[in-house]
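# Structure assessment
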Amino acid sequence: MPITLGLMLALSFVVSLAALAFLIWAISNRQITVDQGDAETIFADGEQGRIDNQGTEAGDAERRHVFDPVAAGIDAVSARPVIILLGTATVWLVLGSIFGLVASMKLHLPDWLNQSAPLTFGRMRTLHLNLVIYGWLSLSGLASVMWIIPRIFHVPLKSPRLVLIGAVLWNIAVALGGLAIASGWTDGEEWLEIPWQIDMLLAAAGACFIAPLVRTARARDVHHIYVSGWYFLAAILWFPVLFIVANIPGLYSGVEEATVNWWFAHNVLGLWLTPLGVGTAYYLIPKIIGRPIYSYAVSLLGFWGLALFYSQVGIHHLIGGPVPTWVVTLSVVHSVMMFLPVIAVAINQHVTVAQNLWALKESVPLRFISFGALMYTMASFQGSIEALRSVNSITHFTHYTVAHAHLGAYAFVSIVMFGAAYYILPRATGRAFPWPGLLKAHFWLVTIGFAVYFFSLTIGGVLQGLAMLDATRPFSESVELMKPYLEARSIGGSLMTLGHLVFAVNLLGLAFYAPRHTQAPVAAE
Amino acid sequence: MNRYLPLSILALAILAFATLMLVIAPGIQINARPAPEGLRPYTEAEARGREVYVSLGCLYCHSQQPRSGDQAPDGERGWGRPSVAEDYAYDQPHQLGTMRTGPDLLNVSARLPSEGWHLTHLYQPRAIFDWSIMPSYPYLFDHKDTAGPGDVVVALPAAHAPADGVIVASQKALDLTAYLVALDRTYPAPTNGLRDHGYGSSEGPEPTPAEEAR
């Protein structure tokens, strides 16, 4: 079958450029009506110009809040599913962090906890990744989607019970997946370790999340779909396609399987976790500050740019490997093109925050979310540069990549989700966090811990890569020079894990020790 | 953007296009290549050993894809010639890997062919390299008073040997070792082997589309 490779490459370029041109044409001809007024659709009357920081600050009870009965009626329906999603997500976060910390320590204490196979590095690391991706990030992201979608569409969440069933099934599937990995039953590819038999349960659970969201979207009572809605509605379609296609058993083998593997794994970041994080930030940043985002039209470019370019970056994980040159080059080019949508998001989110820096003092959730949004920009810029062939020769196969992965999945998505949880939970429960100081402690533990983590692995990773590229230095040098950096990573990871325990304590405090909010907008059912 | 259906269709169309480019097209191209003459399928013991390799997660520290000399000195380190897609014809799941906390293993047997060496190294890597950070795998071995008939005894230096008795390899350890000593793809690469030639190529230029079609 004649595949004309150059043609494929050219086709991809042409289609991407044509789509961008179409987009610009569509905007300029008002085919897709997006004007700055639409950015204000997330506010109820009287909400603009006021900080929205209920339930997270000391002395909070005296502050006046705008009471929006419409939003309150909507929130009452989403409250229970969202609380359950966030609560169970937090359990996976704590477990996943402990496994991650153990895996990290094993790299400088190789004979520690070595008496049985489930404790070995290869399984601890895998447990960490799967629990934080499928347990923590997916569930907390879905909680955020379940909370925001009904609010921006002005209708209560449809079929909330189906969401509860989905949450139960999803948690069972993640638990079974964890047990399978610990016992050595694995599909054997990174990000796809959970056996396909259990993946079917995950897929069924996913359907229980998606059907209510699609129904809610179709029943919406607004003219305009707010930007967060674009990201969320696309993500809940992208992820099932990715997940099912990549998990079909027995269909792929050899290097073909490797391209499927990285098409999937990078799209989990690009088309699932990233839209969840970006969409959440797009709603909560302006909502908390009480001012619309800076340039609404640019957000459209950011969204379609992300879809076009992010979907094709996966093969940069196989640069210099046994895959056709053209597909590597294609992914490198698209990786660099990611600068475009990222800058579009950055203009909107960072400028909105920068014009309202006062609000960071007033709202701890905003502090988390705007820090996370900033890290999205950093992670994406770093990723685009890392995909360049010359840079990749040094960083590929080293701990630099691990640091980069955590900059994206942790410093961006996880930290946005911390902020979202702190914003949503007081409103969903009608209570205030009993110890506001512990919210700040959480923030500083995870940001300082992450800084230690990131800089140690980044610096160590570059040195490791340079050592491996120098034929005059034995391989052992690249191992030995990493040791102090791996120890530093464990220190950073310990601080992060401690922060997660503080997060869990805050949630438990809200559940069991919290004063009822004086102006509880939501009566728990 | 106010409409749900166009948004969904366009979003899925973009993903379908990406799937065509990253999955379907390379898949067709890769599957058209026959397995090289020098490559044989895994034996039963090797295949079982490969399952042990997969289940213990060796992948997370060891790649199986030597790079070309234009990019990195993998060949000079004894890791073998740059691998091509055809070299993986019998691999499922693939274990290409993305990490080199430890060295590349695609041709580990070409430089370390001894079964005994691998058993010792698996039982306690630091019995061989004091700098190693590889986990030890004591649960792949049995501690016995005396070796029975057919038992494979692991050679250990005094510092790592048990005070009394011997360490013998379990079936899993023997299978894993059988897989490791089978990892040798140093046979000549097929002409115009499929790989990333983006760093220039000592093996001549990339085949043109017309050559590829033939």
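What you are looking at is a predicted structure, and each value in this text was computed from that prediction instead of being measured.

This next bit is on the interface of chain A and chain B. A common way to state how big an interface is: give the accessible area lost once the parts meet. Taken together, the contact between chain A and chain B spans 110 residues of the former and 78 residues of the latter. Taken together, the two surfaces of chain A and chain B that pack against each other cover about 8000 Å², and 66% of this comes from carbon and sulfur. Area buried by chain A at its contact with chain B is led by Pro322, Phe397 and Phe475 of chain A, which between them contribute 10% of it. For the pair chain A and chain B, the interface holds two salt bridges. Our count for the contact surface shared by chain A and chain B stands at 34 residue pairs in polar contact (both at pLDDT 80 or more). Looking at the side of chain A that touches chain B, the element that brings in the most residues is helix 7 (residues 254-289) of chain A, giving 12 residues. Within the side of chain A that touches chain B, the residues separate by chemical class into 58 nonpolar, 35 polar and 17 charged.

To continue, consider the layout of surface pockets. Computed from the structure, the largest pocket encloses a volume of approximately 660 Å³. Secondary structure elements with two or more residues in the lining of the largest pocket: helix 3 (121-153) and helix 16 (475-480) of chain A together with helix 2 (44-56), helix 3 (108-111), helix 4 (115-123) and helix 5 (171-182) of chain B. The element that contributes the greatest number of residues to the lining of the largest pocket is helix 4 of chain B, accounting for four residues. Looking at the lining of the largest pocket, its residues break down into 23 nonpolar, nine polar and two charged. Both of domain 1 (68-224) and domain 2 (388-525) of chain A provide at least three residues apiece to the lining of the largest pocket.

The subject of this paragraph is a nonpolar patch on the surface. Residue and element names in this part refer to chain A. Taken together, the side chains of Trp435, Val505, Leu508, Phe512 and Tyr513 present a nonpolar region at the surface, about 570 Å² in accessible area. If you trace the backbone, Phe512 turns up in helix 17 (residues 483-512). A relative accessible area of 64% places Phe512 in the exposed class.

Here we come to the domain arrangement of chain A. Residue and element names in this part refer to chain A. Domains assigned within chain A are domain 1 (68-224) and domain 2 (388-525). Centre-to-centre, using C-alpha coordinates, domain 1 lies 18 Å away from domain 2. The partner domain 2 presents 31 residues to the 26 residues of domain 1 that form the contact. Buried surface at the junction of domain 1 and domain 2, both sides included, amounts to about 2300 Å², of which 73% is carbon and sulfur. Connecting domain 1 to domain 2 are zero salt bridges. Our enumeration of links across domain 1 and domain 2 arrives at six residue pairs in polar contact (both at pLDDT 80 or more). Those elements that place two or more of their residues in the side of domain 1 that touches domain 2 are helix 2 (69-106) and helix 3. Counting residues per element, the side of domain 1 that touches domain 2 draws most heavily on helix 2, at 16 residues. Grouping the constituent residues of the side of domain 1 that touches domain 2 by class yields 15 nonpolar, eight polar and three charged.

Bringing empty space enclosed by the protein into the picture now. One pass over the structure, following the stated rule, counts five cavities of 30 Å³ or more. What lines the second largest cavity is a set of 14 residues, and nearest its centre among them are Thr126 and Thr186 of chain A together with Val54, Ser55 and Tyr60 of chain B.

What follows deals with the packing of aromatic side chains. Any pair of aromatic rings gets described here by the distance separating the centres and the angle formed by the planes. With the rule as written, the count across this model stands at 37 aromatic pairs over all chains. With a centroid separation of 5.6 Å and an interplanar angle of 40°, the aromatic rings of Phe239 of chain A and Phe243 of chain A are classed as tilted. With Phe239 of chain A and Phe243 of chain A both in helix 6 (residues 227-247), this residue pair falls four residues apart, about one helical turn. A relative accessible area of 7% means that Phe239 of chain A is categorised as buried. One cation-aromatic arrangement involves Arg427 of chain A over Tyr423 of chain A; the distance from NZ or CZ to the ring centre is 3.8 Å. Positioned above the aromatic ring of Trp79 of chain B, the side-chain terminus of Arg77 of chain B is 6.0 Å from the ring centre.

The geometry of a pair of packed helices is captured by two quantities: the angle between their axes and the separation between those axes. Residue and element names in this part refer to chain A. For the pair helix 7 and helix 14 (residues 399-429), interaxial distance at closest approach is 9 Å and the crossing angle is 45°. Between helix 7 and helix 14, the interaxial angle falls into the category oblique. Helix 7 and helix 14 meet at a crossing whose hand is left-handed. Residues Leu273, Thr274, Leu276, Gly277, Val278, Thr280, Ala281, Leu284, Lys287 and Ile288 of helix 7 touch helix 14, and the partners they reach there are Phe412, Val413, Val416, Met417, Ala420 and Tyr423. Here the residues of the contact of helix 7 with helix 14 sort into 12 nonpolar, three polar and one charged.

A few words on the confidence of the model for chain A. In this model, chain A carries an average pLDDT of 92, and 93% of its residues clear a pLDDT of 70 or more. Contacts of residues 519-525 of chain A to residues separated by more than four positions or lying in other chains number 14 contacts, the stretch itself having pLDDT below 50.

Moving on to the packing of helix 12 (residues 364-386) of chain A against helix 14 of chain A. All names here are of chain A. Contact geometry for helix 12 and helix 14: axes closest at 8 Å, N-to-C directions at 155°. In terms of axis orientation, helix 12 runs roughly antiparallel to helix 14. For helix 12 against helix 14, the interelement crossing comes out left-handed. Per-class residue counts for the contact of helix 12 with helix 14 are 19 nonpolar, seven polar and one charged.

Definitions and cut-offs
- The residue numbering used here restarts from 1 in each chain and proceeds along that chain's sequence as written.
- Here the convention is simple: chains get letters from A, ligands get numbers from 1, in the order in which they are written.
- Reporting of local features is limited, given that this is a predicted model, to residues whose pLDDT is at least 70; pairs of side-chain atoms are given and counted only at 80 or more, and all residues count toward the totals for whole chains, interfaces and linings.
- As a rule here, side-chain values come from all non-hydrogen atoms in the structure, and water together with hydrogens is ignored.
- We call two residues in contact when some of their heavy atoms are within 4.5 Å.
- Summed over both partners, the accessible area (1.4 Å probe) lost when two parts come together is defined as the buried area.
- We define a salt bridge as a side-chain nitrogen of Lys or Arg found within 4 Å of a carboxyl oxygen belonging to Asp or Glu.
- Distance and chemistry together define a polar contact, namely a pair of N or O atoms within 3.5 Å, with one atom able to donate a hydrogen and the other to accept it when in protein, and with adjacent residues in sequence counting only for side-chain atoms on both sides.
- Put simply, DSSP H or I for four residues or longer makes a helix, DSSP E for two residues or longer makes a strand, and each gets a number counted from the N terminus.
- All amino acids are sorted into three groups, where Ala, Val, Leu, Ile, Met, Phe, Trp, Tyr, Cys and Pro are nonpolar, Asp, Glu, Lys and Arg are charged, and the leftover types, Gly among them, are polar.
- Cavities and pockets were defined on a 1 Å grid built over protein atoms only: a cavity is a set of grid points that admits a 1.4 Å probe from which the probe cannot escape, a pocket is an open set flanked by protein on both sides within 12 Å along at least five of seven lines, and lining residues are those with an atom within 4 Å of any such point.
- Grid points are joined across faces, edges and corners, and a volume is the space filled by probe spheres set on the points.
- The domain limits used here are those given by an automatic or database domain assignment.
- To count toward a patch, a residue needs a relative accessible area over 30% and no salt bridge; like charges are then connected within 9 Å, while nonpolar side chains (Val, Leu, Ile, Met, Phe, Trp, Tyr) are connected within 5 Å.
- Areas reported as accessible are Shrake-Rupley estimates using a 1.4 Å probe. Residue values count occlusion only from the protein chains shown.
- Using a 1.4 Å probe on the protein chains alone, a residue whose accessible area is under 20% of its type maximum counts as buried, one over 50% counts as exposed, and one in between counts as partly exposed.
- Paired rings are identified among Phe, Tyr and Trp, the last through its six-membered ring, by centres lying within 6.5 Å, and are further divided according to the angle between planes into stacked (under 30 degrees), edge-to-face (over 60) and tilted (the rest).
- Note on criteria: charge over ring means Lys NZ or Arg CZ within 6 Å of the ring centre, with the direction from the centre no more than 35 degrees off the ring normal.
- To get an axis, a line is fitted to the C-alpha atoms, and for a helix only the part in contact is used. The angle between two axes follows their N-to-C directions and goes from 0 to 180 degrees.
- Here is the rule for angles: anything less than 35 degrees is roughly parallel, anything more than 145 is roughly antiparallel, 65 through 115 is roughly perpendicular, and the remaining ranges are oblique.
- When the near helix sits turned anticlockwise from the far one by under a right angle, the crossing is termed left-handed; a clockwise turn instead gives a right-handed crossing.
- pLDDT runs from 0 to 100 and stands for how confident the predictor is about each residue.

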